[in-house]
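# A look at the structure
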Amino acid sequence: MRTVRRPALLDRPTTELSALPRRAPLSAHHPDPVLDVVVPVFNEENDLEPCVRRLHAHLAETFPYSFRITIADNASTDRTPRIAARLAAELPGTDWIRLAEKGRGRALHAAWSRSGAPVLAYLDVDLSTDLAALLPLVAPLISGHSDIAIGTRLARGSRVVRGPKREIISRCYNGLLRGTLAVGFSDAQCGFKAVRRDVAERLLPLVEDREWFFDTELLVIAERAGLRIHEVPVDWVDDPDSRVRILSTALADLRGMARLGRALACGRLPLSALRRSGGDLAEDLPAGLARQVVRFAAVGVASTLCYLLLYTALRPSTGAQAANALALLASAVANTAANRRLTFGVRGRGGALRHHLKGLAAFLVGLALTSGSLAALHQTAPGAGHRVELVTLVAANLAATLLRFLLFRAWVFPARHDARPIRRTTGSS
């Protein structure tokens, strides 16, 4: 069993760390193993040996760099520790560590913290994921293209065999993540991931969970910090002997989402320590216009419906102009808040007041257009009915929406990199 001192960098407060250096390709002549694949296990006396032997044979035959396999035994009570020790003695480049407590996240945290390999990965002991995806998983990290790589069972190119129950649970979980934490990655809990060691050294001290939510928390923090996450479609066959307790795991995940959401909203996570310095190309590229347009349009549709409902409710008692102004003001505040988070990726309280004040200025543009349209309608057609008013307002709102998008992109949420840069999520490459 290997006992290695944790890297000193993990012992330093994250807020004191400088920014990450620019990504660079790894040397083919790295003195240590380039890849360390961790296999976390708990009472896996039946699956451990065939898994490790198959993984070792695959890496020895197909992986072009040096590697290590680390068996992370977290508090097994069966023959797993003895099997792990024997495999470490028999197979070159195989090691094992033993932890006193259970938890997949705890095992990964310990194994990755002790490793000196520049690329760290893990896979589940059941080998549900086809090992042919392992090289495509780590290649973007070795080349310097990405910071984290994940296998996804939900991409179009994936081939997945599993029952409807687990399929529904997986899709609901990832849909909930997108709806609550606005993540861009598609599959948070596929047991097939890799991370560059310099990134792991910054991320691990920020991840609190030591159980199944560990993966999700690590990915959300990385994405919020602007790190690049690469997704690899995988072939995946469900293990019918899975021991995951679905109900307790789901409740723990919900608690983890709530805790992480509060931490992000309050700005308690030092995300600046995860940014890359030195003019990283990804930092210099403008935000994807197409994605912003789609999200802005979706928010705009919801805001317009809200506006029309409020206008219809207020008009009988306040008159057309007052109803228009009040409905537009309420929908504009909600529109700015939604676009701030969903379209332009800005989170936390920093700059919120400034953004809303600028959003109100953009609201005045919309008010001028819609009020002017109503005034022109009543001037030219005094007897126009309610339906004609609504059609006129919808047309005016479309023009106002286009102007508001241009103002939001260029003025309210500009793509600049100052002391408090705008946070943008980075989806799959």
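On a predicted model such as this, the values are computed, not experimentally measured, just so you know. (Residues numbered from 1 in each chain as written. Predicted model: local features only at pLDDT ≥ 70, side-chain atom pairs only at ≥ 80, totals over all residues. Heavy atoms only, no water.)

With that settled, the discussion passes to the overall build of the protein chain. Each helix and strand in the protein chain was counted, giving 13 helices and 9 strands. In the protein chain, which comprises 429 residues, the proportion classed as buried is 49%. Taking as baseline every contact in the protein chain between residues at least 6 positions apart, the subset at least 24 positions apart corresponds to 80%. Entry remark: accessible area of the protein chain is about 19,600 Å², with carbon and sulfur atoms responsible for 60%. (Helix = DSSP H or I, 4+ residues; strand = E, 2+ residues; numbered from the N terminus. Buried < 20%, exposed > 50% of the residue type's maximum accessible area, 1.4 Å probe, protein only. Contact = heavy atoms within 4.5 Å. Areas by Shrake-Rupley, 256 points an atom, 1.4 Å probe, with all protein chains shown as cover.)

This paragraph deals with the pattern of salt bridges. Taken as a whole and judged by the stated rule, the model has 21 salt bridges. Residues D215 and R104 are paired through a salt bridge, measuring 2.8 Å at the closest nitrogen-oxygen approach. With D215 in helix α7 (residues 214-224) and R104 in helix α3 (residues 104-114), this residue pair connects regions lying 111 residues apart in the sequence. Taken as a pair, D215 and R104 share a single burial class, namely buried. Residues joined by salt bridges that share partners form a network here, namely E49, R53, R86 and E90. (Salt bridge = Lys/Arg side-chain N within 4 Å of Asp/Glu carboxyl O.)

Summed over all chains, the structure comprises 7 aromatic pairs. On the basis of an interplanar angle of 90° and a centroid distance of 6.0 Å, the ring pair of F296 and F408 is categorised as edge-to-face. Of the two residues, F296 is situated in helix α10 (residues 289-318) and F408 in helix α13 (residues 386-412); the sequence distance between them amounts to 112 residues. The class for F296 is buried, based on a relative accessible area of 4%. Geometrically, the ring pair formed by F344 and F408 is edge-to-face, given 6.4 Å between the ring centres and 65° between the ring planes. (Phe/Tyr/Trp six-rings, centres within 6.5 Å; stacked < 30°, edge-to-face > 60°.)

We now examine the confidence of the model for the protein chain. Across the protein chain, pLDDT averages 83, with 86% of residues at or above 70. Note that pLDDT drops below 50 for residues 3-15; the model gives that stretch 22 contacts with residues more than four away or on any other chain. In this model residues 416-429 is a low-confidence stretch, pLDDT under 50, and it forms 46 contacts with partners more than four residues away in sequence or in other chains. (pLDDT = per-residue confidence, 0-100.)

Attention now moves to unusual backbone geometry. Of note, the phi angle at L127 is positive, near 50°, even though the residue is not glycine. Assignment of secondary structure puts L127 in the loop between β4 (119-123) and α4 (134-142). Phi angles above zero are rare outside glycine, and A182 is one such case at about 55°. Looking at the element boundaries, A182 is found in the loop between α5 (164-181) and β7 (192-196). Under the relative-accessibility criterion, A182 is labelled buried at 10%.

Grouped together as the largest cluster of nonpolar side chains are 45 residues, with contacts concentrated most on W112, I148, F185, L218 and I221. When contributions to this core are tallied by element, the ones reaching two or more residues are β3 (94-99), α3, β4, β5 (148-152), α5, α6 (197-203), α7 and α8 (246-265). For this core, the element with the highest residue contribution is α7, accounting for 6 residues. The next biggest cluster of nonpolar side chains, apart from the first, holds 39 residues, and it includes L48, F63, F192 and A194. (Core = buried A, V, L, I, M, F, W, Y, C linked by side-chain atoms within 4.5 Å.)

Moving on to the pairing of β4. In terms of burial, β4 is largely enclosed, as 5 of its 5 residues are buried. Of the two faces of β4, the one lined by V119, A121 and L123 and the one lined by L120 and Y122 are each fully buried.

What follows is about the packing of helix α12 (residues 352-380) against α13. Running from amino to carboxyl end, α12 crosses α13 at an angle of 155°, the nearest separation of the two axes being 9 Å. In terms of orientation, α12 and α13 fall into the roughly antiparallel class. For the crossing formed where α12 meets α13, the hand is right-handed. Tallied by class, residues from the contact of α12 with α13 come to 16 nonpolar, 8 polar and 3 charged. (Axes fitted to C-alpha atoms, helices over the stretch in contact; angles between N-to-C directions. Parallel < 35°, antiparallel > 145°, perpendicular 65-115°, else oblique. Left-handed = near helix turned anticlockwise from the far one by under 90°. Nonpolar A, V, L, I, M, F, W, Y, C, P; charged D, E, K, R; others polar.)

Turning our eyes to something else, we now look at the environment of G151. Among the secondary structure elements, G151 is positioned in strand β5. G151 sits 40 residues away from G191 along the chain, and the two C-alpha atoms are 7.6 Å apart. Once residues within four sequence positions are removed from consideration, G151 is found in contact with L137, D187, C190, F192, V232 and V234.

Here we take up the sheet that holds strand β1 (residues 35-41). Read from one edge to the other, the open sheet built from 7 strands follows the order β3-β2-β1-β4-β7-β5-β8, with strand pairing classed as mixed. At either margin of the open sheet sits one strand with a lone partner, and together these are β3 and β8 (229-233). Taken over all neighbouring pairs, the strand axes of this sheet differ in orientation by 20° on average, direction set aside. Here β5 runs beside β8; their pairing, made up of 5 bridges, is parallel. Within the sheet, the bridge partner assigned to T152 lies in β8 and is P233. Here helix α2 (residues 80-90) sits on the sheet in contact with β1, β2 (67-74) and β3, set at roughly 155° to β3. (Pairing = 2+ DSSP bridges.)

This paragraph deals with the environment of L328. Of note, L328 is situated in helix α11 (residues 320-343). Exposure remark for L328: the relative accessible area of 6% places this residue in the buried category. Taking the C-alpha atoms as reference points, L328 and C306, 22 residues apart in sequence, are found 9.1 Å from one another. Apart from residues lying up to four places away in sequence, L328 is in contact with Y307, F363, G366, L367, T370 and N397.

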